[in-house]
Amino acid sequence: MKKKVVAVVCVLSMSMSLAAGCGNKEEGAGGNGVVEISFPTFMCGTASQTEWVKERVEAFNEEYKDQYKVVMEEIPGDQNYIDKMKVLYSADDLPDVIVTGGYNLIDSMQDKLVDLTPYVEEDPEWAGFMSDVGKNVNTRDGKLYAIPYIRQTIGYFYNTELFEEAGIEQVPETWDEFFEDCDKLLAAGITPVSMDTAESGWVTSLMLGAMIGDSDTGEEFMNTNQPDDYNNDEVVKAAGMIQEMFQKYTTADAVGGAYAEAANNFFNEKTAIIANGPWMVSKFYDTSVVSEDFGDRVAVATFPGNVMYNSGQIGWSIASKTEEKIEASLAFVKFMTSEESQKLDLEMCSVIPDCVITDADVYSQVQDTINLADSASRSINDFQSLWHATVVDEISVQYPLLADGSITPEEFAQALTDAAQ
Amino acid sequence: MKARKFIGRILCVVFLAYTAAICVGPFLWVIFSSFKSNKEILDSAFSLPSSYSFDGYLRALEMSPIFEFFGNSVFIAAVNTVISIGAVSMAAYALARYEFRGKKIFTSLLSSSLLIPISGLLMPLYLIMARINLLDTKMGLIIVYAALGLPTSLFILRSTFLNIPKEVDEAAAIDGAGPIYTFTRIIIPMSRSGLATAATLHFLTSWNEFMFALVLTKSETNRTLPLALNYFSSQFSFDYTAMFAAITLSVLPSIIVFILLQEQITSSMAAGSVKG
């Protein structure tokens, strides 16, 4: 009997200690009146802005240590971040500050986001940092739901040495010239373009978008938020060109490959061209990835027709529910979107700021990208920011079919339309 | 006759070598890749490293708290396996041995949760955990994982108990053993193989689970290993060297433990398999 009593006491005490050890700590304002706000971020691990966000959050917590504290939650992987935000939104438990890095969550979550318009209007200095394009991307029905801090500027990078080997003296100005140059590269034994199909085929889809945007109606389409109908001449024509590129001008691993394979082919000088943004530039000088002096052989160009991705991007949103948390979140977002923070982002991560910064110390390709974007004839937005998430997912399914000729460009456009509707 | 025996032996050796290569090959590939640069990995996946540098390991440790997440994984998987198997074995025994009203409905109800997709459980479980203040706790994950593994464990253990003849229970009863005594002292020792199978499957499910760990936790002190492995690739950047180093670091302790304890593990798995 005594044994049994001892056993029961042991089990109870173990259970209690386990429960105590696993228990949750209450969140909220600290005892010293410091307001805590939650900030989950995908900027961790290998993500390009990891160092920047760490440095900035530490700086904010130091500067406002008597008033506010940002509690950062690392969510590795962009898609994991989006998935978690969707669950938190459904549970009405969004964090205080959200920044998605390009994914458009405003349209699906705006009923839970704070309208930032009055706060920006009462601070002209802060408002002065924001471009009109940046504000437009983050505005719905006249209400500003996120503060812009990045300008999405994308052209394509090319290997000058491989272009010279193929006898190409200047970058193509039209898509016809582009394909002629691809033939020249092929004749010189060089695979012209890096492409991919997996994970929404980012690199390929940038080419697709640039092809679509090479006309007035195409440019308008590539600036339309969440289009429902892809059955138009521009999309069909562009899909035809992408089909030709898959079949003639890219590597064998393009079909089924993701960004990593496409980038590696360019880094290893197996291909001469890759479409991507300036955040890639630091890798051109990373000798664990590329050979010595590779960066000196890479230049940037606008897409044929002088088309550039040049748009605002979804920025920092606030979903706090109490006045004191909104105040703390505003201070944090203001800090992260300040001229100083944007300049640091540009210098540390080659991320083009939304505001105009003229005295930053950056790689030549980054400055060239900014200059080209400023002088581009046509400015378009990228598919990930504009198109329905279902369409973005569908692209990875349809590209391999387009590549092997199982579907026609018309069927490709119809498949995207079906996904959108 | 001798030639046939010789050929038989050679075939046996070839088969064993092939099986060993399939088992060990992926581990060796991961370990060798952890010493290669990203360029080497993407250029030629199966080549040997040009030099043996531990930079990948240093970067892996800098980038993600692997060891902390590993410790959390061990704790959460072990505790919830013990709790789940302990509770489910009692339920399975009752369902296998006793006749009572609603037994079939009860069994179907417990098993039917196998059919509910994880994505359908995310939201309700998040809300429940938030309400009972178990978000971002190890206890929260332990409870969720214990529940998630319930139908599979129940299925295995009920089948195991059904395979033990009822006469065993009856003989014990004649000798004066009550139901609890019969269950703990006779049935459980005779069901070691089924218990080991259910526990292994349950442990592995908890060990590899990603989505609930992502949604229900937010601090490093409560997160598990599958999350750590996501630190090394994002949409526009990757560090495969560090990722392979992290995988090596995370599987190495398990392999070492298995090598040291393989005799005990194998014998406990085999024990009871000839009984009943």
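Note that the structure is predicted; figures quoted are calculated from it, not measured. (Residues numbered from 1 in each chain as written. Chains lettered and ligands numbered in written order. Predicted model: local features only at pLDDT ≥ 70, side-chain atom pairs only at ≥ 80, totals over all residues.)

Caption draft 1: Structural view of the overall build of chain A. In terms of regular secondary structure, chain A is built from 19 helices and twelve strands. Counting only C-alpha atoms and orienting by the principal axes, one finds that chain A spans roughly 85 × 65 × 50 Å. Split into buried and exposed, the 421 residues of chain A put 49% on the buried side. Summarising the internal contacts of chain A: among those between residues at least 6 apart in sequence, 74% fall at separations of at least 24. (Helix = DSSP H or I, 4+ residues; strand = E, 2+ residues; numbered from the N terminus. Buried ≥ 20, exposed ≤ 12 C-beta atoms within 10 Å, placed from the backbone. Contact = placed C-beta atoms within 7 Å.)

Caption draft 2: Main features of the overall build of chain B. A count of helices and strands for chain B gives 14 helices and two strands. Computed over its C-alpha atoms, the radius of gyration of chain B comes to 23 Å, more than 25% above the 19 Å expected for a compact globule of 276 residues. Along the three orthogonal principal directions, the C-alpha set of chain B runs to about 75 × 70 × 30 Å. Of all 276 residues assigned to chain B, the portion counted as buried reaches 36%. The contacts in chain B between residues at least 6 apart in sequence include a share of 79% that link residues at least 24 apart. (Rg over C-alpha atoms; globule rule 2.2 N^0.38 Å.)

Caption draft 3: Region of interest: the environment of Ser-254 of chain B. You can see Ser-254 of chain B is positioned in helix α14 (residues 240-270). Taking the number of C-beta atoms within 10 Å as the measure of exposure, Ser-254 of chain B has 12 and is therefore exposed.

Caption draft 4: Quick peek at the confidence of the model for chain B. Looking at chain B, the pLDDT average stands at 88 and 95% of residues meet or exceed 70. Scored by ipTM, the complex comes to 0.83, with pTM at 0.82. (pLDDT = per-residue confidence, 0-100.)

Caption draft 5: Representation of the UniProt feature "transmembrane region" (unreviewed entry) in chain B in the model. All names here are of chain B. Cross-referencing UniProt, the feature "transmembrane region" (unreviewed entry) maps to residues 7-32, 69-93, 105-127, 139-157, 195-217 and 237-261 in the present numbering. Secondary structure content for residues 7-32 is 100% helix and 0% strand, while the C-alpha to C-alpha distance between its ends is 34 Å. Secondary structure across residues 195-217 comprises 87% helix and 0% strand; the distance between its end C-alpha atoms is 30 Å. (UniProt positions renumbered as here; feature names shortened; annotations may be inferred.)

Caption draft 6: Spotlight on the UniProt feature "domain: ABC transmembrane type-1" (unreviewed entry) in chain B. Here, UniProt's "domain: ABC transmembrane type-1" (unreviewed entry) annotation points to residues 70-261 of chain B. In residues 70-261 of chain B, helix accounts for 77% and strand for 2%; the two terminal C-alpha atoms are 19 Å from one another.

Caption draft 7: Geometry of the interface of chain A and chain B. Listed by partner, the interface residues are 30 residues for chain A and 33 residues for chain B. Breaking the side of chain A that touches chain B down by element, the ones donating at least two residues are α1 (2-22), α3 (78-90) and α13 (259-267) of chain A. If you tally residues by element for the side of chain A that touches chain B, the top one is α3 of chain A, at five residues. Residues that form the side of chain A that touches chain B fall into these classes: 14 nonpolar, eleven polar and five charged. (Nonpolar A, V, L, I, M, F, W, Y, C, P; charged D, E, K, R; others polar.)

Caption draft 8: Geometry of helix α8 (residues 150-163) of chain B. All names here are of chain B. The terminal C-alpha atoms of α8, which comprises 14 residues, lie 20 Å apart, in line with the 20 Å expected from a rise of 1.5 Å per residue. All of the buried residues along α8 are Ser-153, Leu-154, Ile-156, Leu-157, Arg-158, Thr-160 and Phe-161. Among the structural elements, α4 (66-97), α5 (103-112), α10 (179-190) and α11 (192-208) are those in contact with the buried residues of α8. (Expected span 1.5 Å × (residues − 1).)

Caption draft 9: Structural view of the environment of Lys-65 of chain A. Structurally, Lys-65 of chain A is set in the loop between α2 (50-63) and β2 (68-74). In this structure, the C-alpha to C-alpha distance between Lys-65 of chain A and Ala-403 of chain A, residues 338 residues apart in sequence, is 56 Å.

Caption draft 10: Structural context of the domain arrangement of chain A. All names here are of chain A. Under the domain assignment, chain A is made up of domain 1 (35-150 + 313-356) and domain 2 (153-310 + 372-420). Here the C-alpha centre of domain 2 lies 29 Å away from the C-alpha centre of domain 1. On the domain 2 side, the residues contacting the ten residues of domain 1 number seven residues. Of the residues in the side of domain 1 that touches domain 2, the class split is five nonpolar, five polar and no charged. (Domains from an automatic or database assignment.)

Caption draft 11: Geometry of α10 of chain B. Residues and elements named next belong to chain B. Those residues of α10 lying buried are Thr-182, Phe-183 and Ile-187. Viewed along the axis of α10, the buried residues span an arc of 95°, placing them on a single side of the element. Seen from the buried face of α10, the exposed residues on the opposite side, beyond 90 degrees, are Ile-180, Arg-185 and Pro-189. Residues of α10 that are buried sit in contact with α4, α8 and α9 (166-174). (Arc of directions from axis to C-beta.)

Caption draft 12: The arrangement of the packing of helix α12 (residues 233-248) of chain A against helix α19 (residues 409-420) of chain A in detail. Residues and elements named next belong to chain A. One way to put it is that α12 packs onto α19 with a least axis distance of 8 Å and a crossing angle of 120°. Taken together, the axis directions place α12 and α19 in an arrangement best described as oblique. α19 is crossed by α12, and the crossing has right-handed handedness. Across the interface between the two elements, Val-235, Val-236, Ala-239, Gly-240 and Gln-243 of α12 pack against Pro-409, Glu-410, Phe-412 and Ala-413 of α19. For the contact of α12 with α19, a count of residues per class yields six nonpolar, two polar and one charged. (Axes fitted to C-alpha atoms, helices over the stretch in contact; angles between N-to-C directions. Parallel < 35°, antiparallel > 145°, perpendicular 65-115°, else oblique. Left-handed = near helix turned anticlockwise from the far one by under 90°.)

Caption draft 13: Representation of the environment of Leu-150 of chain B. Residue and element names in this part refer to chain B. Mapped onto the elements of the fold, Leu-150 is located in helix α8. Sequence separation of Leu-150 and Ile-259 is 109 residues, and the distance between their C-alpha atoms is 30 Å. What Leu-150 contacts, discounting residues up to four positions off in sequence, is Ser-84, Val-88, Leu-110 and Ser-113.

Caption draft 14: Main features of the packing of α8 of chain B against α11 of chain B. Residue and element names in this part refer to chain B. As a packed pair, α8 and α11 sit with axes 9 Å apart at the nearest point and diverge in direction by 170°. One way to sum up the angle between α8 and α11 is to call them roughly antiparallel. Of α11, the residues touching α8 (which contributes Thr-152, Ser-153, Ile-156, Leu-157 and Thr-160) are Gly-194, Thr-197, Ala-198, Leu-201 and His-202. Residues of the contact of α8 with α11, tallied by class, amount to four nonpolar, six polar and no charged.

Caption draft 15: Quick look at the confidence of the model for chain A. Residue and element names in this part refer to chain A. Of the residues in chain A, 93% have a pLDDT of 70 or more, and the chain-wide mean is 90. Looking across chain A, the model is least confident in α1, with a mean pLDDT of 46, and most confident in strand β7 (residues 191-193), with 97. Every residue in residues 5-27 scores below 50 in pLDDT, and together they form twelve contacts with partners more than four places removed in sequence or on other chains.

Caption draft 16: Representation of the pairing of strand β8 (residues 271-276) of chain A. Residues and elements named next belong to chain A. Among the six residues that make up β8, six are buried, leaving the element largely enclosed by the rest of the structure. Where strand β6 (residues 151-159) and β8 come together, four bridges link them in antiparallel fashion. Each residue of the ladder has a partner; that of Phe-157, found in β8, is Ile-274. Relative to β8, β7 is paired through two bridges, and the arrangement is parallel. Residue pairing in the sheet places Val-193 in a bridge with Ile-273 of β8. (Pairing = 2+ DSSP bridges.)

Caption draft 17: Fine view of the pairing of strand β10 (residues 307-312) of chain A. Residues and elements named next belong to chain A. By the criterion of burial, β10 is predominantly enclosed, with six of the six residues buried. For β6 and β10, the ladder comprises four bridges, and the chain directions are antiparallel. In the sheet register, Ile-154 faces β10, and the bridge partner there is Tyr-309. Sheet topology places β10 next to strand β12 (residues 378-380); three bridges connect them, and they run parallel. Among the inter-strand pairings, Tyr-309 is bridged to a residue of β12, identified as Ile-380.

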